[in-house]
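Chain by chain, the residues run as shown.
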Amino acid sequence: MPSISISPLKEQKIGNLNQGSKASNKSLDRKHWILQQRRSLPIASAERKLVDEVRKNDTIIIVGETGSGKTTQLPQYLFNAGFCRDGKVIGITQPRRVAAITVAKRVAEECDVQLGQKVGYAIRFEDATSGSTRIKYMTDGLLLREALLDPILSRYSVIIVDEAHERTVHTDVLLGLLKKVQGARLKQHKLDKPYANNVVKLDNECHSSNTKFSPLKLIIMSASLDAKGFSEYFGGAKAVYVQGRQYPVDILYTYNPEPDYVDATVITIFQIHLDDNPGDILAFLTGQEEIELVDMLVHERLKQLPEHSRNILTVRIYSSLPSEQQMNVFRPTPSNFRKVILATNIAETSVTIPGVKYVIDPGVVKSRYYNPVTGMESLIIMPISKAQALQRSGRAGREGPGKCFRLYPESEFWKLIDSTVPEIKRCSLSNVVLQLKALGFDDIIGFDFMDKPSRSAIKQSLQELYLLGALTDDCKLSDPVGIQMARFPLDPIYSKALILSREFRCLEEMLIVVAMLSVESIFYSPREKFEEARSAWKKFSSPDGDHLTLVTVFRAAIEYREKIRAATNKENSIDKSLSRWCRDNFINNRSLKHALDVHSQIKVYLEQMDMSLSSCGDDVLQFRRCLTASFFLNAAEKQPDGSYRVKANGQNVQIHPSSVLFRAKPECIIFTELIQTNQIYVRSVSQAWMPELSKYYDAES
DNA sequence: GAGCACTGC
């Protein structure tokens, strides 16, 4: 693999970005400061070299550690070098929404333009771009959606895939797609012969609309030091190394393996607190329960310390925690206190907490595991990868030299796998397969993935899509069902439910169900207020099951919001009131807001497809029929012992105690979630409608 | 009568 290294220390003049705007002294100071900041970034000295490399190569890999400035600077360098001529756009993808927004804001400020003009961003539910946008930050999933409408991504001259080392499903599918697009555009460019039709088929002969396309420049940016995999995948693409800005972190290992990492974490916290210099501690744990346990243990042992040593403040952070409580980690620590942050791997990449000097890494993570044979997903605690260990220790060196305590011997570290198994190899592929089919790739097993998912996982998804009617007998996308399904940004089974519910005249109800099922748990119950929460939920509960219960919650929220809206017009106070309503009813505010967003987004899609919202009103049976027809793959029958047998595969399951049907135990159920913890549970359960069900399982009945 | 890492369209 050819590669070059770039020294970060030499300074070099950078392009003129402040294009003659008059400003006050204060903002001149700010601009001067920004320019200073930009010039001092490690990447600044490499501007000319990088631009040269991009000119010379169609694909390059940029390896840059945190703090190198690659995400904010490179697009500006390329813009100044003329890569946006003829109105072309530089697109930069991010795995996370927050990153796309914050980076775009920063770059807009650096360029001294209004956000949404020259520099903009686009994420689901939010488009801050315009016709004049030339540097566009977006989530990788969104670019995939864009490709459905414009398969050769004709607006873009350059696409930068950032954080590629994270290897999310979206990143992996995007890499495969971009490779094809690049090939197709190059071929077209060389042919130099415009085609009349507007059909593009990427996996075969390249056709395009009657314009000539310039080649697509591809830049893959990764923070992991090993660029080999990316380079090989892109035919030996050149790798360029850019140094980061990171303080040294001392790595300390234990002499022997720790039998109980929770206990070892608590001991290490106190060891640091009593023996080491001031500085906050970040401890990585696997989940909510473990975090609560460690928090309790720390406070217990704190009582045994002399008064003057009790100056520890603990804060917890994990994703299902309400945002107000998440914000606690950013509150300044009282002087003389040491902050101990107990976090899941949300603190690995998504949230950066200032002030951390010590990291405690027990070396484990809770991770999703998918069994393609049973189609079941479960969460298991497993060892992290070397790359992950590196990422964790790096959290101690953001502001100064730090220390990382790995709660395992060094010999164990070397046994860890190099990098985390890409998500695409451990999740259901139904959505991926549907998207690829819609993009024109018919041969999924032969698709050029960077890491191929297992054959059985692909076959399982093809089978499911076929049963849902998205694929024809010869495995092509069906018209119109498959095509419509691919358009919805939903799980394929939910898309199918929407399409079916039109026939059953209950699209309005199904749209609510699908929106509510597409988000994290709607119900929020703090452990200490469990009973209170349960009685608050009672008023929403429906005897028919959890799905109509969700409909009731959604409608109650809308009704409440409209009532407030009638009284005040201020969006701000409407939001506040709705938050209060959520708190009073033990509803997760963030999840509900998300569901409202999904609901309105899908509604627009439905309108575009001329599917009008029809309601079944009080005809609950009609809704149950539709639910049964949509989720017949998820039907289960009661067994003599009160457990259930899934009709499609004979799997034995239990109704989860959180379901409204937990006690009622009807003869036959439909479920929309399957989860394995101590037992195999189904959640979100409704009564099936037998006559409808027998249509799908008539051989048995 | 249980407990769900983290993202994303």
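Reading the values: the criteria
- Residues numbered from 1 in each chain as written.
- Chains lettered and ligands numbered in written order.
- Predicted model: local features only at pLDDT ≥ 70, side-chain atom pairs only at ≥ 80, totals over all residues.
- Heavy atoms only, no water.
- Domains from an automatic or database assignment.
- Contact = heavy atoms within 4.5 Å.
- Buried area = accessible area lost by both parts, 1.4 Å probe.
- Salt bridge = Lys/Arg side-chain N within 4 Å of Asp/Glu carboxyl O.
- Polar contact = N/O pair within 3.5 Å; in protein donor to acceptor, adjacent residues only side chain to side chain.
- Helix = DSSP H or I, 4+ residues; strand = E, 2+ residues; numbered from the N terminus.
- Nonpolar A, V, L, I, M, F, W, Y, C, P; charged D, E, K, R; others polar.
- Buried < 20%, exposed > 50% of the residue type's maximum accessible area, 1.4 Å probe, protein only.
- Lys, Arg positive; Asp, Glu negative; His and termini not counted.
- Near = heavy atom within 4 Å.
- Expected span 1.5 Å × (residues − 1).
- Arc of directions from axis to C-beta.
- Phe/Tyr/Trp six-rings, centres within 6.5 Å; stacked < 30°, edge-to-face > 60°.
- Lys NZ or Arg CZ within 6 Å of the ring centre and 35° of its normal.

Draft legend 1. Broad picture of the domain arrangement of chain A. The domain boundaries assigned to chain A delineate domain 1 (3-242), domain 2 (249-420), domain 3 (430-608) and domain 4 (631-694). Counting residues at the interface gives 13 residues for domain 2, matched by eight residues for domain 3. Both faces considered, domain 2 and domain 3 share a buried interface measuring about 710 Å² in area, 37% of it formed by carbon and sulfur atoms. Our count for the domain 2 to domain 3 interface comes out at zero salt bridges. For the interface between domain 2 and domain 3, the tally reads two residue pairs in polar contact (both at pLDDT 80 or more). Every element with two or more residues in the side of domain 2 that touches domain 3 is listed here: α9 (288-302) and α10 (323-326). By residue number, the principal contributor to the side of domain 2 that touches domain 3 is α10, which donates three residues. A breakdown of the residues in the side of domain 2 that touches domain 3 according to their chemical character gives five nonpolar, six polar and two charged.

Draft legend 2. Structural view of the side chain of R406. If you trace the backbone, R406 turns up in strand β17 (residues 402-406). D361 provides the closest opposite charge to the buried, salt-bridge-free R406, at an N-O distance of 4.4 Å. Reaching out from R406, the side chain makes a polar contact with the backbone oxygen of A389 at a distance of 3.3 Å. When neighbours within four sequence positions are excluded, R406 is seen to be in contact with I251, L252, Y253, T254, D361, A389, L390, S393 and F413.

Draft legend 3. Fine view of the protein's contact with DNA strand B. The environment of DNA strand B is made up of 34 residues, and the closest members are R97, S319, F530, R534 and T677. Counted by atom, the contact set of DNA strand B within 4 Å of the protein is 62% sugar and phosphate. At a separation of 2.4 Å, a phosphate oxygen of DNA strand B approaches a polar backbone atom of R97. Within the contact set of DNA strand B, a phosphate oxygen lies 2.8 Å away from a side-chain nitrogen or oxygen of T139. Among the elements of the structure, α5 (140-149), β15 (364-371), α18 (530-538) and β22 (680-687) are those that each provide at least two residues to the surface near DNA strand B. At three residues, α5 tops the list of elements feeding residues into the surface near DNA strand B.

Draft legend 4. Main features of helix α20 (residues 571-585). Over its 15 residues, α20 extends 21 Å from the first C-alpha to the last, a length consistent with the 21 Å expected when each residue adds 1.5 Å. I574, S577, L578, W581, C582 and N585 are the residues of α20 that are buried. An end-on view of α20 places all buried positions within 145 degrees of arc, on one side of the element. Away from the buried face of α20 by more than 90 degrees, exposed residues N572, K576 and R583 are located. Residues of α20 that are buried sit in contact with α18, α19 (546-567) and α21 (589-608).

Draft legend 5. Layout of the packing of aromatic side chains. Scanning the entire structure with this criterion turns up 12 aromatic pairs. Judged by centre distance (6.1 Å) and plane angle (70 degrees), the ring pair of Y494 and F631 falls under edge-to-face. Note that Y494 is positioned in helix α16 (residues 492-503) and F631 in the loop between α22 (620-630) and β18 (635-638), a separation of 137 residues in sequence. The burial state of Y494 is the same as that of F631; both residues are buried. Clustering of aromatic rings is evident, with ring pairs tying together Y253, Y408, F413 and W414. The lysine or arginine in question, K179, covers the ring of Y233, its NZ or CZ lying 4.1 Å from the ring centre.

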